[in-house]
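# A structural walkthrough
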Amino acid sequence: MIKDEVKIEIAKLKEKGIESTLAVVIVGDDPASRSYVNSKKKTCSEVGINSIEYALDSTTTQEDLENLIERLNQDPKINGILVQLPLPNGLDEARVCKKILPQKDVDGFHPMNVGMLTTGIDFEYSIKPCTPFGVIELLKRENIEIRGKHAVVIGRSNIVGKPLALLLLRENATVTICHSHTKNLKEICKTADILVAAVGKPKFVTADMVKEGAVVIDVGINRDETSKKIVGDVDFEVVKEVASYITPVPGGVGPMTVAMLMKNTLFATLLQNGLL
Ligand code: NDP
């Protein structure tokens, strides 16, 4: 498991007197953000990474938030900075992402890391966004061949769809990106060997959109209005009958994302200590 691998590496660093510390910034009191932050902090403690939470009031100004990030950028004891998104209305997420030093940007959202991912220049020294990176890792660990396969990604956000499409392309898949303006979505999805749903709509992917034997990766995390349970973007019960492999929600991509955050924090620590 990735978390066990990270734990071993963190223990080795500690023997050399090097600690790894993640700063987790949360603004406001959104319950989903609070639960993500808690789970990230818990995982940090499981693998031996120190986490320091900075909980800011929802009335925090852009300037105050950027000043905090600047302080964390300058602090040599902080190896990774994570600002939990979404931020309350009025705060500019793009400016916040740009403010974090690229080598401490454990979410991989800084334009520098995105540029390295896009061009492939110094790719091995870039920090990759956790969810897309986690999807690739999951496919590799499950021995699912990506090369030459037709991968269809539904969703084109900067957090999931776009970087995932680029990572799949790098793994030599033939990639199609779909979004809300895509025509013939069902027909396109039906040609996918690997179908990724990152839409944010419960049961969006139905069995008639999936080719027999396809690999289906469900990135979605949605709250079902009636059952109040967490559900993905894929109608799991019916699609599992068609797919050769499918990730569940909860489970699957969610825990993988947190594991990749640990891997990124370890990576950032190695990077800052000249150990790569
Ligand atoms: P966004 O809302 O930023 O993006 C959703 C994408 O889906 C957009 O590109 C949008 O198209 C597209 N879309 C919306 N409706 C349709 C439609 N009818 N047909 C085709 N495409 C459509 O969401 P995120 O990418 O941030 O997140 C997606 C999901 O993944 C959410 O459920 C989120 O909670 C989850 N998530 C899970 C993570 C994890 O750790 N597992 C991490 C991050 C997100 P357009 O661009 O045209 O608007």
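Described below are features of the structure shown in this document. Here the structure is a predicted model, which means the values were calculated and not measured.

Let us now look at the packing of helix α6 (residues 130-141) against helix α10 (residues 253-272). For the pair α6 and α10, the least separation of the axes is 8 Å and the interaxial angle reads 105°. Between α6 and α10, the crossing angle belongs to the class labelled roughly perpendicular. Residues Cys 130, Thr 131, Phe 133, Gly 134, Val 135, Glu 137 and Leu 138 of α6 form the contact with α10, whose participating residues are Val 253, Met 256, Thr 257, Met 260, Leu 261, Lys 263 and Asn 264. Of the residues in the contact of α6 with α10, the class split is eight nonpolar, four polar and two charged.

Here the focus is the nonpolar core. In this structure, Leu 168 and Ile 217 are the most contacted members of the largest nonpolar core, which totals 49 residues. It is α10 that provides the largest number of residues to this core, a total of 11 residues. Those residues within four positions of Ile 217 in sequence are excluded, and the remaining contacts are Val 135, Leu 138, Leu 139, Leu 195, Val 196, Ala 197, Tyr 245, Thr 247 and Val 253.

Turning to the packing of helix α1 (residues 2-15) against helix α2 (residues 31-47), a few remarks are in order. Contact pair α1 / α2: the axes reach a minimum separation of 8 Å and the direction vectors enclose 55°. Between α1 and α2, the angle falls in the class oblique. Each of Lys 3, Val 6, Lys 7 and Ile 10 in α1 lies in contact with α2, whose residues at this interface are Thr 43, Glu 46 and Val 47. Taken together, the residues of the contact of α1 with α2 sort by class into three nonpolar, one polar and three charged.

The next thing to look at is the pattern of salt bridges. Under the counting rule described, the total for this entry stands at 16 salt bridges. The shortest N-O distance in the salt bridge between Glu 66 and Arg 95 comes to 3.0 Å. Taken together, the residues span a long stretch of sequence, with Glu 66 in helix α3 (residues 62-74) and Arg 95 in helix α4 (residues 93-99) at a distance of 29 residues. Look at the salt bridges and you will find they share partners, linking Lys 3, Lys 42 and Glu 46 into a network.

On to the side chain of His 110, then. Position of His 110 relative to the elements: it lies in the loop between α4 and α5 (111-119). Here Met 112 takes part through its backbone nitrogen, which lies 2.8 Å from a polar atom of the side chain of His 110. Contacts of His 110, omitting those with residues within four sequence positions, involve Cys 97, Lys 98, Ile 100, Pro 102 and Asp 105.

Glancing now at the site of the ligand. Arg 156, Ser 157, Ser 180, Ile 221 and Thr 257 are the nearest of the 21 residues found near the ligand. Residue Lys 201 places a side-chain N or O atom 3.1 Å away from a nitrogen atom belonging to the ligand. Between an oxygen atom of the ligand and a side-chain N or O atom of Asn 222, the distance comes to 3.1 Å. About the coverage of the ligand: the protein hides 71% of its 920 Å² of free accessible area. If you tally residues by element for the shell around the ligand, the top one is α10, at three residues. Of the residues contributing to the shell around the ligand, the split by class is eight nonpolar, 11 polar and two charged.

Within a sheet, adjacent strands bond to each other through the backbone by hydrogen bonds, running parallel or antiparallel. Read from one edge of the open sheet, three strands run β2-β1-β3, paired in parallel fashion. Among the strands making up the open sheet, the edge pair consists of β2 (50-56) and β3 (80-83). Between one strand axis and the next, the sheet turns by 20° as a mean value, whatever way the strands run. Sheet topology places strand β1 (residues 21-27) next to β2; seven bridges connect them, and they run parallel. For Leu 22, the partnering residue across the bridge sits in β2 and is Ser 51.

Sheet architecture is open: five strands sit in the order β5-β4-β6-β7-β10, paired in parallel fashion. Where the open sheet ends on each side, the last strands, each with one partner, are β5 (174-178) and β10 (245-246).

What follows covers the packing of aromatic side chains. Inspection of the entire model under this criterion finds zero aromatic pairs. Directly above the ring of Phe 123 sits Lys 128, whose terminal nitrogen or CZ lies 4.4 Å from the centroid. Just above the ring of Phe 123 sits the side chain of Arg 170; from NZ or CZ to the centre is 3.5 Å.

Moving on to the pairing of strand β6 (residues 194-197). Of the two faces of β6, both are covered, the one formed by Ile 194 and Val 196 as well as the one formed by Leu 195 and Ala 197. Strand direction decides the pairing type here: strand β4 (residues 150-154) and β6, joined by four bridges, are parallel. Directly across from Val 153, in β6, lies its bridge partner Val 196. As defined by bridge partners, β6 adjoins strand β7 (residues 215-218) across four bridges and the pair is classed as parallel. Within β7, the residue paired with Val 196 across the bridge is Ile 217.

What counts and how
Throughout, a residue's number is its position along its own chain's written sequence, starting from 1. Residues qualify for local features only when their pLDDT is at least 70, as the model is predicted, and side-chain atom pairs are given and counted only at 80 or more; totals for whole chains, interfaces and linings, by contrast, use all residues. To get the side-chain values, all heavy atoms of the structure are used, and hydrogens and water are removed first. Each axis is a line fitted through C-alpha atoms, and for a helix only the stretch in contact is used; angles between axes span 0 to 180 degrees, taken between their N-to-C directions. A run of DSSP states H or I qualifies as a helix once it reaches four residues; a run of E qualifies as a strand once it reaches two. Both are numbered from the N-terminal end. In these notes the angle categories are as follows: under 35 degrees is roughly parallel, over 145 is roughly antiparallel, 65 to 115 is roughly perpendicular, and the rest is oblique. In this description, contact between two residues means that some pair of their heavy atoms is separated by no more than 4.5 Å. Here the nonpolar group is Ala, Val, Leu, Ile, Met, Phe, Trp, Tyr, Cys and Pro; Asp, Glu, Lys and Arg are the charged ones; every other residue, Gly included, is treated as polar. Buried Ala, Val, Leu, Ile, Met, Phe, Trp, Tyr and Cys residues that are joined via side-chain atoms within 4.5 Å together make up what is termed a nonpolar core. The rule is simple: take the accessible area with a 1.4 Å probe, protein chains only, and divide by the maximum for that residue type; under 20% is buried, over 50% is exposed, in between is partly exposed. Whenever Lys or Arg places a side-chain nitrogen within 4 Å of a carboxyl oxygen from Asp or Glu, that contact is recorded as a salt bridge. Between N or O atoms, a polar contact is any pair within 3.5 Å; within protein, one atom must be a potential hydrogen donor and the other a potential acceptor, and residues adjacent in sequence are included only when both atoms are from side chains. Think of it this way: one heavy atom of a residue within 4 Å of a molecule or strand is enough to make that residue near it. Reported accessibility uses the Shrake-Rupley method at a 1.4 Å probe radius. Residues are deemed covered only where the shown protein chains occlude them. Between any two strands, pairing holds if DSSP finds at least two bridges. Pairing of aromatic rings covers Phe, Tyr and Trp, the last through its six-membered ring, and needs centres within 6.5 Å; plane angles under 30 degrees mean stacked, over 60 mean edge-to-face, and all others mean tilted. Any Lys NZ or Arg CZ that is within 6 Å of a ring centre and within 35 degrees of that ring's normal is treated as a charge sitting over the ring.

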